[in-house]
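In case you want the letters, here they are:
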Amino acid sequence: QVQLVESGGGLVQAGDSLRLTCAASGRTFSTYVVGWFRQAPGKEREFVAGIDWNTSITRYADSVKGRFTIARDNAKNTVNLQMSSLKPEDTANYYCAVEPLRGYVPTVENRYAHWGQGTQVTVSS
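Residues numbered from 1 in each chain as written. Predicted model: local features only at pLDDT ≥ 70, side-chain atom pairs only at ≥ 80, totals over all residues. Heavy atoms only, no water.

(A) Seen up close, the side chain of Thr78. Mapped onto the elements of the fold, Thr78 is located in strand S8 (residues 78–83). For Thr78, a relative accessible area of 8% corresponds to the buried category. Apart from residues lying up to four places away in sequence, Thr78 is in contact with Thr21, Cys22, Ala23, Phe29, Trp53, Ala71, Arg72 and Asp73. (Helix = DSSP H or I, 4+ residues; strand = E, 2+ residues; numbered from the N terminus. Buried < 20%, exposed > 50% of the residue type's maximum accessible area, 1.4 Å probe, protein only. Contact = heavy atoms within 4.5 Å.)

(B) Structural view of the pairing of strand S11 (residues 119–124). Residues Thr119, Val121 and Val123 point to one face of S11 and are all buried, whereas Gln120, Thr122 and Ser124, pointing to the other face, are not buried. Pairing between strand S9 (residues 92–100) and S11: three bridges, direction antiparallel. Note that in S11 the partner of Asn93 across the bridge is Gln120. (Pairing = 2+ DSSP bridges.)

(C) Structural context of the packing of aromatic side chains. Tallied over the full model, the rule gives six aromatic pairs. An aromatic cluster of at least three residues, connected via ring pairs, comprises Phe37, Phe47, Tyr95, Tyr112 and Trp115. The ring of Trp115 has Arg45 sitting right over it, with the charged end atom 3.9 Å from the ring centre. One residue, Arg72, lies across the ring of Trp53, its end atom 5.6 Å from the ring centre. (Phe/Tyr/Trp six-rings, centres within 6.5 Å; stacked < 30°, edge-to-face > 60°. Lys NZ or Arg CZ within 6 Å of the ring centre and 35° of its normal.)

(D) Just the nonpolar core, in detail. Of all hydrophobic cores here, the largest spans 30 residues; its most connected members are Phe29, Trp36, Leu81, Met83 and Tyr94. Look past the residues within four positions of Tyr94 in its chain and what remains in contact with it is Glu6, Leu20, Trp36, Phe37, Arg38, Val48, Phe68, Leu81, Met83, Gly118, Thr119 and Val121. (Core = buried A, V, L, I, M, F, W, Y, C linked by side-chain atoms within 4.5 Å.)

(E) Expanded view of the environment of Val5. As for its position among the elements, Val5 is in strand S1 (residues 3–7). Note on Val5: relative accessible area 48%, which makes it partly exposed. When residues no more than four places from it in sequence are discounted, the contact partners of Val5 are Thr21, Cys22 and Ala23.

Without other data, these values stay purely geometric and don't point to any function.
Here it is in structure tokens:
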């Protein structure tokens, strides 16, 4: 069983940057695709970004392209989501999720088997 822990959320102002981290306990990410999703109040959970650990294939939602960067940290066995030029509409609870998969990054949440508890990101205007 993979246990995921997100960290790095907080309250920032529009235009600021923030880095979220997803860490796995119990095993490495070496056979997984890692995705970041977010859910704002009253809205459905949506895909933000994902990375195939083995191939480094990445995928982004159009709303975050050019502002967010997902990357793996082999030494720490973590996946980071670097968020820049944050906007109030980026306010949400951010979740990381993993799926044992290679060569493709799904954007649909039901393709991911394991989820973290989330970390809140609030961007003030």
